[in-house]
Amino acid sequence: MWLEVKNISKQYKTKQALKDVSFRLENGVYGLVGPNGAGKTTLINILVDILTPTVGTVFFEGKDIKKDLNAYLNVVGYLPQYPKFYKDFKCLEFLKYMCELKGIPKKRREKIITQVLKLCNLWQDRNRKIKEFSGGMRQRLGIAQAIINNPKILILDEPTAGLDPQERIRFRQIIANLSTKRIVILATHIMEDVESIANQVLLLKDGELLGIKTTRELLGEIQGKVGQKVIPPDKLPLYKKKYRVSNVLHEDGLCKIRYISKHVKEEEQVTPKLEEVYLYWFT
């Protein structure tokens, strides 16, 4: 099973949001990473047919998705960045409604709804109204509706934005359970999520795809380019101006900093973190 994006460009009136983007994805979890305005949401909207590209084609298993759009959308699950719900619906009612919209046969609905509620840790809350849910619970409900048709392609746009650490860990566990035998695309700024669950990372900047790499490859590329040293506090502005400073720890009247540079003294070099990969590529 594979999803292929071929020579996709998207032109708005005054901005080109995507520029000749091409890639091919197979089963696994892919982090879609880039700063605000990079084109992540535009690309996602093209993949779920909310937008039509100015140029280019999306293929699923070798077939142009536009040739049989309904068949393609039947195998896609989607969680937008800001999901909207009918707040007076109970959780169970909402999922029954989504089953109706997605054409899931009535005889299968009870079993499927039970499975997704348990997977997303919402079984105990199935009879509560959505307006009573916390932000994390709503995100889990969003995942539940996205997977209720057992999609072959699962697309999640900033799914952990605003979640506390415990909810983010719970989310990552859910995605790990879903990642076999399907393509999962996770658009996010949170590199910890990418590092925890993504097989590969798509780097998108100013509408261009910089590459698709494993987290190990990305970390390897900045090996030797991350340093750590202790400096007086009055030197901190100078270092922030000269380097990309990724962390500052104030301790005993001094500053312990981590910084990114093409030239780091060997005695100052430290093992890079994935968030420093982000700073290296996008700042």
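Here is what the cut-offs are and how they apply
Residues numbered from 1 in each chain as written. Predicted model: local features only at pLDDT ≥ 70, side-chain atom pairs only at ≥ 80, totals over all residues. Heavy atoms only, no water. Pairing = 2+ DSSP bridges. Helix = DSSP H or I, 4+ residues; strand = E, 2+ residues; numbered from the N terminus. Axes fitted to C-alpha atoms, helices over the stretch in contact; angles between N-to-C directions. Phe/Tyr/Trp six-rings, centres within 6.5 Å; stacked < 30°, edge-to-face > 60°. Buried < 20%, exposed > 50% of the residue type's maximum accessible area, 1.4 Å probe, protein only. Lys NZ or Arg CZ within 6 Å of the ring centre and 35° of its normal. Salt bridge = Lys/Arg side-chain N within 4 Å of Asp/Glu carboxyl O. Polar contact = N/O pair within 3.5 Å; in protein donor to acceptor, adjacent residues only side chain to side chain. Contact = heavy atoms within 4.5 Å.

Undergrad: How do you make sense of the sheet that holds strand β13 (residues 254-260) when you look at a structure like this?
TA: Within a beta sheet, neighbouring strands are joined by backbone hydrogen bonds and run either parallel or antiparallel to one another. Pairing in this open sheet of 3 strands is antiparallel, and the strands run β11-β13-β12 from one edge to the other. Strands at the two margins of the open sheet, each flanked by one partner only, are β11 (226-231) and β12 (244-251). Taken over all neighbouring pairs, the strand axes of this sheet differ in orientation by 20° on average, direction set aside.

Undergrad: What exactly am I supposed to notice about the packing of aromatic side chains here?
TA: Each aromatic ring pair is specified by the distance between its two centres and by the angle formed by the two planes. Within the structure shown, the criterion is met by 9 aromatic pairs. Summarising the aromatic geometry, the rings of Tyr 243 and Tyr 259 are spaced 4.7 Å apart at their centres and angled 40° between planes, so their arrangement reads as tilted. Of this pair, Tyr 243 sits in the loop between α9 (236-242) and β12 while Tyr 259 sits in strand β13, placing them 16 residues apart in sequence. Look at Tyr 243 and you get buried, because its relative accessible area is 19%. Residue class for Tyr 259 comes out buried when judged on its relative accessible area of 3%. Lying over the aromatic face of Trp 123, Lys 118 brings its terminal NZ or CZ to 5.2 Å of the ring centre. Its guanidinium or amino end placed over the ring of Trp 123, Arg 126 lies 3.8 Å from that ring's centre, counting from NZ or CZ.

Undergrad: In this structure, what is going on with the pattern of salt bridges? I would like to understand it.
TA: Should their charged atoms come close, side chains of opposite charge can pair. Under the criterion given, the structure shown has 15 salt bridges. Between Arg 109 and Glu 100 there is a salt bridge, with the nearest N and O atoms lying 2.9 Å from each other. Arg 109 gets classed as buried once you look at its relative accessible area, which sits at 15%. Residue class for Glu 100 comes out partly exposed when judged on its relative accessible area of 46%. In this structure, Arg 128 and Glu 132 form a salt bridge, with 3.5 Å as the shortest nitrogen-oxygen distance.

Undergrad: Help me out: how do you make sense of the side chain of Thr 160 in this one?
TA: Along the chain, Thr 160 turns up in the loop between β7 (153-157) and α6 (165-178). For Thr 160, a relative accessible area of 1% gives the class buried. Within the structure, Thr 160 has its side chain in polar contact with the side chain of Asp 193 (distance 2.6 Å). The contacts of Thr 160, once residues within four sequence positions are left out, are Gln 139, Arg 168, Phe 171, Thr 188, Ile 190 and Asp 193.

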